[in-house]
Amino acid sequence: LLPAQTSLEYALLDAVTQQEKDSLVYQYLHKVDGWEQDLAVPEFPEGLEWLNTEEPLSVYKDLCGKVVILDFFTYCCINCIHLLPDLHALEHTYSDKDGLLIVGVHSAKFPNEKVLDNIKSAVLRYNITHPVVNDADASLWQDLEVSCWPTLVILGPRGNMLFSLIGEGHKDKLFLYTSIALKYYKDKGQIRDNKIGIKLYKDSLPPSPLLFPGKVTVDHVTNRLVIADTGHHRILVVWKNGQIQYSIGEKPAIDLEAEKVSTVAGIGIQGTDKEGGAKGEQQPISSPWDIVFGTSGSEVQRGDILWIAMAGTHQIWALLLDSGKLPKKNQLKKGTCLRFAGSGNEENRNNAYPHKAGFAQPSGLSLASEDPWSCLFVADSESSTVRTVSLTDGAVKHLVGGERDPMNLFAFGDVDGVGISAKLQHPLGVAWDKKRNLLYVADSYNHKIKVVDPKTKNCTTLAGTGDTNNVISSTFTESTFNEPGGLCIGENGQLLYVADTNNHQIKVMNLETKTISVVSSEWLLQGQMPSGGIENISNQPTISLQIPGDCLSLETVVSVRVFLYYCSADSSACMMKGVLFSQPLQITDTQQSCIAPIELRYVF
């Protein structure tokens, strides 16, 4: 297939009009379709686990008569995540009735990604609505000689291979190849419009107050938590007892005092620029996964730089909030957004020159501006390491995890140890404890919180058993996490807040008493309850009930559950009174339009 497709792609470079491009692809398909023998893909092996389908699919039964796109992906991969909007757009353009079906083939990099429940969480988090098969042993991957995440393989209606696309950034080709393939085979009468039995996993889940919270931080001035409620596409600003102050949806920067939202960096479209230098709101950026306010040594005052973990380009960037200098840079204007460290190559490469260093999907940042540290700590997820970036000269150094070969991004595990002998698995968050001179690490795919002494490079498990069941124990050693993603220090080093992503919770670790609790979810249910809400009892609350049209009985029982909250004026204490009572009712009129108000009284 490769020589024929390469010739097509060279010809497309010279094509000017859309008509020329369509014609070239049509001619290519006529050529490939006329080969004596199809390049047929193997059948999906029996026993594989499927998501978003009523039953396992067959290439030569269910998918016969469809143009099929096989998306070979692994859910940790930033390039795979970048590809999903293209697939979503394609699904909105063509459906199975038009003859198109996308099938995600999940071929894991990390052991944690082979577990079906973890893939389920990723399918929900990324809003994947097409069928997904768990190719845990990479059998399909090997049969089709796939070598890169992501890889798209486009099949014709006989299970015959037509195209392959490697990596991200091929949206135009994807739409061109798919649309012409649908037209070509429809002209030949080989497209079937039958529907595929889709059963979305997300439809079976109850509502949740938090959905995959990715990051959490503390507003030390007002003593509030700010939570990235990723699955609900919102930022929650809450008091420490869990009471929501306000919710902000789909906006990038928030002034918590003035309650205003503004854009400080990015244009709303994924960028590919690996240098930067434009003003923040004019600078395209790519998947910023964490930020931290800080300095650049002594040359810029504290809080005058916003450091950015740019996961999409495997770099660390800086946004200058005031005029100043970065190490090895000339004077820069206020608002400039540019690369600070990282070549843009996906590597585990340390170097005294920041632009020659290589990161692999940096996902978490924490700042230690004081001497002798004066550095950024970086959770470098795809290399399974924690690295440091000097604020003095920009030098990038290894702290724990990984191995010495900068090209080996598979040196992961779950091992306590010193420096390179310690092993992590896809860490997503770090938090610096200035009080104790310790660094806490969200070792996400090991489902643990680890602690690192940067002086000795000793890394040990602080909390979590490695089990993903949601066990909320009072002790560090017995409690569990499920892909924790974000960490922050609060209360002058007493508490460590953990965004326990796949458990949809914010957990609170008391570093002095070694106990764990959960930020109250009752207040977080505001606006999320399927049959209730939070009411101000200064006004009489009402409960609306609708009698079913096919009601067979004239007797019913209304069960009422009420939680009455009393909060002090400064929100330092919150008390709850629970009430549960049932009221039998006699129905006298089953007409749905009948409104019969009934007053129920309960004395507290």
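Residues numbered from 1 in each chain as written. Predicted model: local features only at pLDDT ≥ 70, side-chain atom pairs only at ≥ 80, totals over all residues. Heavy atoms only, no water.

- Going by what an unreviewed UniProt entry lists, the protein is known as NHL repeat-containing protein 2 and is assigned to Galeopterus variegatus.

**So, the overall build of the protein**
Then, number 1: Helix and strand counts for the protein stand at six helices and 32 strands.
Then, number 2: Burial analysis of the protein (604 residues in total) assigns 50% to the buried set.
Then, number 3: Long-range pairs, those at least 24 residues apart, make up 55% of the contacts in the protein with a sequence separation of at least 6. (Helix = DSSP H or I, 4+ residues; strand = E, 2+ residues; numbered from the N terminus. Buried < 20%, exposed > 50% of the residue type's maximum accessible area, 1.4 Å probe, protein only. Contact = heavy atoms within 4.5 Å.)

**Brief notes about the sheet that holds strand β1 (residues 49-51)**
Within a sheet, neighbouring strands are paired by backbone hydrogen bonds and run either parallel or antiparallel to one another.
Then, number 1: Strand order in this open sheet of six strands is β1-β4-β3-β2-β5-β6, and the pairing throughout is mixed. Strands with a single pairing partner mark the edges of an open sheet, and in this sheet they are β1 and β6 (161-166). Across the sheet, the mean angle separating the axes of adjacent strands is 20 degrees when strand polarity is ignored. (Pairing = 2+ DSSP bridges. Axes fitted to C-alpha atoms, helices over the stretch in contact; angles between N-to-C directions.)

**A word on the side chain of Asn348**
Then, number 1: As for its position among the elements, Asn348 is in the loop between β17 (336-341) and β18 (362-368).
Then, number 2: For Asn348, the side chain forms a polar contact with the main-chain oxygen of Glu403, separated by 3.1 Å.
Then, number 3: Once residues lying within four places of it in the same chain are set aside, the contact partners of Asn348 are Gly358, Ser383, Thr385, Arg387, Gly402, Glu403, Asp405, Pro406 and Leu409. (Polar contact = N/O pair within 3.5 Å; in protein donor to acceptor, adjacent residues only side chain to side chain.)

**Brief notes about the nonpolar core**
Then, number 1: Counting 45 residues, the largest nonpolar core has Val25, Leu29, Ile69, Phe163, Leu174 and Tyr177 as its most contacted members.
Then, number 2: In this structure, Val25 is in contact with Leu8, Leu12, Phe163, Leu176, Tyr177 and Ile180, ignoring residues within four places of it in sequence.
Then, number 3: If you look at the next biggest cluster of nonpolar residues, it comprises 23 residues, including Trp50, Leu63, Val68 and Val133. (Core = buried A, V, L, I, M, F, W, Y, C linked by side-chain atoms within 4.5 Å.)

**Considering the packing of aromatic side chains**
Then, number 1: If you walk through the whole model with that rule in mind, you get 13 aromatic pairs.
Then, number 2: On the basis of an interplanar angle of 75 degrees and a centroid distance of 5.2 Å, the ring pair of Tyr26 and Tyr184 is categorised as edge-to-face. Of this pair, Tyr26 sits in helix α2 (residues 18-33) while Tyr184 is found in helix α6 (residues 171-187), placing the two residues 158 residues apart along the sequence.
Then, number 3: Assessed through its relative accessible area of 29%, Tyr26 is described here as partly exposed.
Then, number 4: Among the residues examined, Tyr184 registers a relative accessible area of 4% and is labelled buried.
Then, number 5: The ring of Tyr353 has Lys356 sitting right over it, with the charged end atom 5.3 Å from the ring centre. (Phe/Tyr/Trp six-rings, centres within 6.5 Å; stacked < 30°, edge-to-face > 60°. Lys NZ or Arg CZ within 6 Å of the ring centre and 35° of its normal.)

**Description of α2**
Then, number 1: Look at α2: 22 Å from first C-alpha to last across 16 residues, which is about the 22 Å you get at 1.5 Å a residue.
Then, number 2: Buried residues of α2: Val25, Tyr28, Leu29, Val32 and Asp33, and no others. Here the buried residues of α2 occupy an arc of 125 degrees about the axis, which is enough to place them on one side. In α2, the exposed positions angled more than 90 degrees off the buried face are occupied by Gln19 and His30.
Then, number 3: Where α2 is buried, its residues contact α1 (2-14), β6 and α6. (Expected span 1.5 Å × (residues − 1). Arc of directions from axis to C-beta.)

**Re the UniProt feature "repeat: NHL" (unreviewed entry) in the protein**
Then, number 1: The positions UniProt marks with the feature "repeat: NHL" (unreviewed entry) are residues 424-455.
Then, number 2: Here residues 424-455 is 0% helix and 53% strand, with 19 Å between the C-alpha atoms at its ends. (UniProt positions renumbered as here; feature names shortened; annotations may be inferred.)

**Regarding the pattern of salt bridges**
Then, number 1: Within this structure, the stated rule accounts for 22 salt bridges.
Then, number 2: Where Glu483 meets Arg125, a salt bridge forms, and the shortest distance between an N and an O atom there is 4.0 Å. Linking Glu483 in the loop between β26 (458-463) and β27 (484-490) with Arg125 in helix α4 (residues 116-125), this pair joins segments that are 358 residues apart in sequence. Accessibility assignment for this pair places Glu483 and Arg125 in one class, buried.
Then, number 3: Across the pair Glu275 and Arg339 runs a salt bridge whose closest N-O atoms are separated by 3.0 Å. (Salt bridge = Lys/Arg side-chain N within 4 Å of Asp/Glu carboxyl O.)

**Regarding the sheet that holds strand β14 (residues 288-294)**
Then, number 1: Reading across the sheet, the five strands line up as β13-β17-β16-β15-β14 and stay open at both edges, with antiparallel pairing between neighbours. Bordering the open sheet on either side are β13 (276-279) and β14, each of which pairs with just one other strand. Between one strand axis and the next, the sheet turns through 25 degrees on average, direction left out of account.
Then, number 2: Where strand β15 (residues 305-310) and strand β16 (residues 315-320) come together, six bridges link them in antiparallel fashion. Each residue of the ladder has a partner; that of Ala309, found in β16, is Ile316.

**Observations regarding the pairing of strand β7 (residues 213-219)**
Then, number 1: The element β7 is extensively covered by neighbouring structure, given that five of its seven residues are classed as buried.
Then, number 2: Where β7 meets strand β8 (residues 224-229), six bridges bridge the pair, whose relative direction is antiparallel. The residue bridging Val218 from the neighbouring strand is Leu225, located in β8.
Then, number 3: The antiparallel pairing of β7 with β8 creates a hairpin that spans four residues between the two strands, and Asn223 there sits at a positive phi of about 60 degrees.

**Considering the state of the cysteines**
Then, number 1: In this structure the tally under the stated criterion is zero disulfides.
Then, number 2: The thiol sulfur of Cys148 is not disulfide-bonded, and the nearest other cysteine sulfur, from Cys77, lies at 7.6 Å. (Disulfide = S-S within 2.5 Å.)

**Concerning the pairing of β27**
Then, number 1: The element β27 is largely enclosed, with a buried count of seven among its seven residues.
Then, number 2: Where β27 and strand β28 (residues 495-500) come together, six bridges link them in antiparallel fashion. By the bridge assignment, Leu487 is partnered in β28 with Val498.
Then, number 3: Where β27 folds back onto β28 in an antiparallel hairpin, the turn is made up of four residues, including Glu491, whose phi is positive at roughly 50 degrees.

**A short note on the packing of α2 against α6**
Between two packed helices, both the angle of their axes relative to each other and the distance between the axes serve to describe the pair.
Then, number 1: Between α2 and α6, the least distance of the axes is 9 Å, while the angle of their chain directions is 60 degrees. Between α2 and α6, the angle is such that the two are oblique. The handedness of the crossing between α2 and α6 is right-handed. Touching Gln18, Lys21, Asp22, Val25, Tyr26, Leu29, His30 and Asp33 of α2 are Leu176, Tyr177, Ile180, Ala181, Lys183, Tyr184, Tyr185 and Asp187, all from α6. (Parallel < 35°, antiparallel > 145°, perpendicular 65-115°, else oblique. Left-handed = near helix turned anticlockwise from the far one by under 90°.)

**What about the environment of Thr151?**
Then, number 1: Secondary-structure assignment places Thr151 in strand β5 (residues 151-155).
Then, number 2: A relative accessible area of 6% means that Thr151 is categorised as buried.
Then, number 3: Linking Thr151 and Asp71, residues 80 residues apart in sequence, is a C-alpha distance of 6.0 Å.
Then, number 4: At 2.6 Å, the side chain of Thr151 forms a polar contact with the backbone oxygen of Cys148.

**A look at the side chain of Gln5**
Then, number 1: Structurally, the position occupied by Gln5 is in helix α1.
Then, number 2: A polar atom in the side chain of Gln5 sits 2.7 Å from the backbone oxygen of Ser164.
Then, number 3: Not counting residues within four places of it along the chain, the set of residues in contact with Gln5 comprises Tyr28, Leu162, Phe163, Ser164, Leu165 and Tyr177.

**A look at unusual backbone geometry**
Then, number 1: Residue Trp149 is joined to Pro150 through a cis peptide bond whose omega torsion reads -10 degrees.
Then, number 2: Mapped onto the elements, Pro150 comes out in the loop between α5 (139-143) and β5.
Then, number 3: The peptide bond linking Asp371 to Pro372 adopts the cis configuration, its omega dihedral lying at 5 degrees.
Then, number 4: Along the polypeptide, Pro372 turns up in the loop between β18 and β19 (375-380).
Then, number 5: Notably, Ala138 is not glycine yet its phi reads approximately 60 degrees, a positive angle.
Then, number 6: Residue placement: Ala138 occurs in the loop between β4 (132-134) and α5.
Then, number 7: Despite not being glycine, Ser384 shows a phi value in the positive range, around 55 degrees.
Then, number 8: By the element assignment, Ser384 lies in the loop between β19 and β20 (385-390).
Then, number 9: The buried category is assigned to Ser384, whose relative accessible area is 0%.

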